[in-house]
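Each chain, written out:
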Amino acid sequence: MDNYLKLQLGDPRSSGPKHCSFVRELLPLKEINKGSSEFFVADNSKGHYHRSVCGVIDWSVEDPDGKPIMDETKQYGYRLIVVFFVPYV
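Residues numbered from 1 in each chain as written. Predicted model: local features only at pLDDT ≥ 70, side-chain atom pairs only at ≥ 80, totals over all residues. Heavy atoms only, no water.

Draft legend 1. A look at the overall build of the protein. Looking only at helices and strands, the protein has 0 helices and 5 strands in total. From first element to last, N terminus to C terminus, the protein shows the α and β order β-β-β-β-β. Looking at the protein as a whole, 28% of its 89 residues qualify as buried. (Helix = DSSP H or I, 4+ residues; strand = E, 2+ residues; numbered from the N terminus. Buried < 20%, exposed > 50% of the residue type's maximum accessible area, 1.4 Å probe, protein only.)

Here it is, written out as structure tokens:
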């Protein structure tokens, strides 16, 4: 994941196996500083035979001090959400 924003992406969260059966994270999610890249590895071989890997990952959009960027009402913070589905044979 490349972060081209002038803001950082913090508080990473993943759907884990909740939405995609047996998906497990082999490398943990990390915060992504502005102008940098990070990667994660998800696997679906937890003793089950599946032909795909999928999930949802999201990060909080934060200012340089690590404070979440809030909406106009100051009730909700912005999050970058990535949904993925990779079929393979």
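Now that the structure has been shown, we can carry on.
Draft legend 2. Geometry of the pairing of strand β4 (residues 52–62). Where burial is concerned, most of β4 is hidden: 10 out of the 11 residues are buried. Both strand β1 (residues 8–14) and β4 contribute to a ladder of 5 bridges, which runs antiparallel. Residue pairing across strands places S14 opposite I57, the latter belonging to β4. Where β4 meets strand β5 (residues 79–87), 9 bridges bridge the pair, whose relative direction is antiparallel. (Pairing = 2+ DSSP bridges.)

Draft legend 3. Region of interest: the nonpolar core. In this structure, L9, L29, I32, V53, I57, W59, V61 and F84 together form the largest nonpolar core, which totals 8 residues. Residue contributions to this core peak at 4 residues, all from β4. (Core = buried A, V, L, I, M, F, W, Y, C linked by side-chain atoms within 4.5 Å.)

Draft legend 4. Structural context of the sheet that holds β5. Strand order in the open sheet formed by 3 strands is β1-β4-β5, and the pairing between neighbours is antiparallel. Edge positions in the open sheet fall to β1 and β5, since each of these has one partner strand only. The mean angle between the axes of side-by-side strands here comes to 25°, regardless of whether they run parallel or antiparallel. (Axes fitted to C-alpha atoms, helices over the stretch in contact; angles between N-to-C directions.)

Draft legend 5. Summary view of the pattern of salt bridges. If you walk through the whole model with that rule in mind, you get 4 salt bridges. Salt-bridge contacts for R79 lead to D11; the nearest nitrogen and oxygen are separated by 3.4 Å. Placement of R79 in strand β5 and of D11 in strand β1 is noted, with a sequence separation of 68 residues between them. Residue D11 is classed as partly exposed on the basis of its relative accessible area, which comes to 32%. Note that E38 is salt-bridged to K30, the shortest N-O span being 4.0 Å. By relative accessible area, E38 is classed as partly exposed at 28%. (Salt bridge = Lys/Arg side-chain N within 4 Å of Asp/Glu carboxyl O.)

Draft legend 6. Region of the structure containing the confidence of the model for the protein. For the protein, per-residue confidence averages 84 on the pLDDT scale, and residues scoring 70 or more make up 81% of the total. At the level of individual helices and strands, the protein shows its lowest average pLDDT in strand β3 (residues 41–43), which scores 75, and its highest in β1, which scores 92. (pLDDT = per-residue confidence, 0-100.)

Draft legend 7. Summary view of the side chain of D58. Within the secondary structure layout, D58 lies in strand β4. With relative accessibility at 14%, the residue D58 sits in the buried group. With residues near it in sequence (within four places) discarded, D58 still touches D11, P12, R13, R79, L80 and I81. (Contact = heavy atoms within 4.5 Å.)

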